[in-house]
Amino acid sequence: MISMIILIVFIVVVTYINPSDIMVGKSKYVLPLFLILVLMTGCIDRTTEQAVQSQELTGELKLDGSTTVFPIADRAARTFMKNHPQVKITVQQSSTGEGLDRFLRGESDISDATRPPKDSEYSTARSRGMELYMTLISYDAVAVIVHPKNPVSDLTLSQLKAIYFDGDITDWSQLTDKKTGKINIYNTDAKISGTAELFNKVVTGNDETPYVAGTTSIHPTPLMIPAIMNDPNGIAFTPMNWINSSVKTVKIDGITPKKEAVIDTSYPLGRKMYMITNGAPKGLTKEYINFVLSRDGQRIVEEEGFISII
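Student: Requested: an account of the overall build of the protein chain, with residues and values cited.
Tutor: Looking only at helices and strands, one finds 12 helices and 10 strands in the protein chain. Per-residue burial for the protein chain yields a buried fraction of 43% across its 310 residues. If you take every contact in the protein chain between residues at least 6 apart in sequence, the share linking residues at least 24 apart comes to 73%. Surface summary for the protein chain: the accessible area is close to 15,900 Å², and the carbon and sulfur share equals 53%.

Student: Could you give an account of the packing of helix α4 (residues 70-83) against helix α11 (residues 283-293), with specific residues and numbers?
Tutor: With their axes 10 Å apart at the nearest point, α4 and α11 run at an angle of 115° to one another. Classified by the interaxial angle, the pair formed by α4 and α11 is roughly perpendicular. Here the hand of the crossing between α4 and α11 comes out right-handed. Of the residues in α11, those in contact with I72, A73, A76, A77, T79, F80 and N83 of α4 are L284, E287, Y288, F291 and V292. Along the lines of polarity and charge, the residues of the contact of α4 with α11 split into nine nonpolar, two polar and one charged.

Student: Pulling in residues and values, what's your account of the pairing of strand β9 (residues 248-252)?
Tutor: The side chains of a regular strand alternate, residue by residue, between the two faces of the sheet. Across three bridges, strand β4 (residues 132-146) lies against β9 in antiparallel orientation. Following the sheet pairing, V146 is matched in β9 by K248. Two strands pair when backbone bridges link them, and strand β5 (residues 154-155) and β9 are joined in this way by two bridges, in the parallel orientation. What sits directly across from L155, in β9, is I252.

Student: Account for the packing of aromatic side chains, naming residues and giving values.
Tutor: According to the stated counting rule, one finds nine aromatic pairs in the structure shown. With a centroid separation of 5.3 Å and 25° between ring planes, the pair formed by F165 and Y211 is classed as stacked. One end of the pair, F165, is in helix α7 (residues 157-166); the other, Y211, is in the loop between α8 (194-204) and β7 (216-217), with 46 residues separating them in the sequence. Each of the two residues, F165 as well as Y211, counts as buried.

Student: Residues and numbers for empty space enclosed by the protein, please.
Tutor: According to the stated counting rule, one finds one cavity of 30 Å³ or more in the structure shown. Considering the residues around the largest cavity, the lining is formed by S66, T67, T68, S95, T96, T114, S193, G194, T195, H219 and T221. Counted by class, the lining of the largest cavity contains no nonpolar, 11 polar and no charged residues.

Student: How would you explain the layout of surface pockets if you had to name every residue and give the values?
Tutor: As a volume, the largest pocket reaches approximately 380 Å³. Only α8, α10 (259-263) and β10 (270-278) provide two or more residues apiece to the lining of the largest pocket.

Student: Any chance you could break down helix α12 (residues 295-303) for me, citing the residues and the numbers?
Tutor: For α12, the full list of buried residues reads G297, Q298, I300 and V301. Down the axis of α12, the smallest arc covering the buried residues is 145°, so these residues share one side. Residue G305 follows α12 closely and has a positive phi angle near 95°.

Student: Which residues make up the nonpolar core, and what values go with them?
Tutor: Counting 35 residues, the largest nonpolar core has V144, L160, Y164, F199 and I235 as its most contacted members. Looking at this core, the elements that each hand over two or more residues are β4, α7, α8, β8 (234-239), β9 and α10. Counting 24 residues, the second-largest nonpolar core is a separate cluster that includes V69, A77, V301 and F306.

Student: Would you mind going over the packing of α11 against α12 in detail, with residue names and values included?
Tutor: When two helices pack together, their arrangement is given by the angle between their axes and by how far apart the axes lie. The N-to-C vectors of α11 and α12 enclose an angle of 60°; their axes lie 4 Å apart at closest approach. The angle between α11 and α12 falls in the class oblique. Contacts between α11 and α12 involve F291, V292 and L293 from the first element and R295, D296, G297, Q298 and I300 from the second.

Student: Talk me through α11; I want residue IDs and the actual numbers.
Tutor: Buried within α11 we find L284, T285, Y288, I289, F291 and V292. Taken around the axis of α11, the buried residues stretch over an arc of 150°, which confines them to a single face.

Student: Explain the pattern of salt bridges to me, and be specific about the residues and the numbers.
Tutor: Under the counting rule described, the total for this entry stands at 10 salt bridges. Its salt-bridge partner being D64, residue R102 comes within 2.7 Å of it at the nearest N-O pair. Here R102, found in helix α5 (residues 96-104), pairs with D64, found in strand β1 (residues 59-65); they are 38 residues apart in sequence, far enough to count as distant. Here R102 falls in the partly exposed class, since its relative accessible area comes to 28%. The salt bridge involving K161 is made with D166; its shortest N-O contact spans 3.0 Å. Owing to a relative accessible area of 36%, D166 belongs among the partly exposed residues under this scheme. Put simply, R75, E303 and E304 are held in one network by salt bridges that share partners.

About the thresholds
Residues numbered from 1 in each chain as written. Predicted model: local features only at pLDDT ≥ 70, side-chain atom pairs only at ≥ 80, totals over all residues. Heavy atoms only, no water. Helix = DSSP H or I, 4+ residues; strand = E, 2+ residues; numbered from the N terminus. Buried < 20%, exposed > 50% of the residue type's maximum accessible area, 1.4 Å probe, protein only. Contact = heavy atoms within 4.5 Å. Areas by Shrake-Rupley, 256 points an atom, 1.4 Å probe, with all protein chains shown as cover. Axes fitted to C-alpha atoms, helices over the stretch in contact; angles between N-to-C directions. Parallel < 35°, antiparallel > 145°, perpendicular 65-115°, else oblique. Left-handed = near helix turned anticlockwise from the far one by under 90°. Nonpolar A, V, L, I, M, F, W, Y, C, P; charged D, E, K, R; others polar. Pairing = 2+ DSSP bridges. Phe/Tyr/Trp six-rings, centres within 6.5 Å; stacked < 30°, edge-to-face > 60°. 1 Å grid on protein atoms, 1.4 Å probe; cavity = no way out; pocket = protein on both sides within 12 Å on 5 of 7 lines; lining within 4 Å. Points joined across faces, edges and corners; volume = space filled by probe spheres on them. Arc of directions from axis to C-beta. Core = buried A, V, L, I, M, F, W, Y, C linked by side-chain atoms within 4.5 Å. Salt bridge = Lys/Arg side-chain N within 4 Å of Asp/Glu carboxyl O.

Below, the structure is given as structure tokens:
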């Protein structure tokens, strides 16, 4: 734009100068012309700089919610603040349910979630004049894990139900002839955890189905990894992104929790991850979420072990 303006000024000035004057060395026109161009460039540059400064983002945002979404939200916030020094973003992690409770009390601007709001949460929002608006930011999956030396590599949803909820399968010998021992069950609270809610609902059809007695409850879900790593008889479920070589991922109904299977929904424990706002995002909230949805933001999604939406 600046170059175009300078070119126009140059053409206008030259139009009123006799070319022969310049050709014969009458430099009285050249110096003024040069000075005009320099001054124009400086003025335009200052105007452009002032315009950019006036558009620089400012303000604060508070996020809370899912421990699963936290790595994306936090890293995106740090990058966003680096690009916009006058913005302050605070990202906390509790759980999907607790985050939505705080959001509905007006304690945060964005609620990170691994599930859509429940009917009761929509009702609370309406009673407070709020409209819950979900923005999809990535895909994820809940994986079932066992100790690396456990020979079991594939379980059905029916077997998981028998282990976690019915109590019909209690020993590894009921699943394989290569291992014996009481199955130690690890879970987390479906009342606050989107991960547990999905697991319970898919396996039993009802997210409020109680676990069998004697299970070990762990929160947040990343702690499932060291628990199983140190328990040869343990079984647990956890978001796919936390998994490492210290545990073994079990197929569900013959399907491995990989990107393609999650996107085409053939893997039964696939899910979507959201950022929830009061109405469609606007202002600073919109700018931040747009960054999460951008190529740079979705690169963060993938680098943190999740599945991009683009």
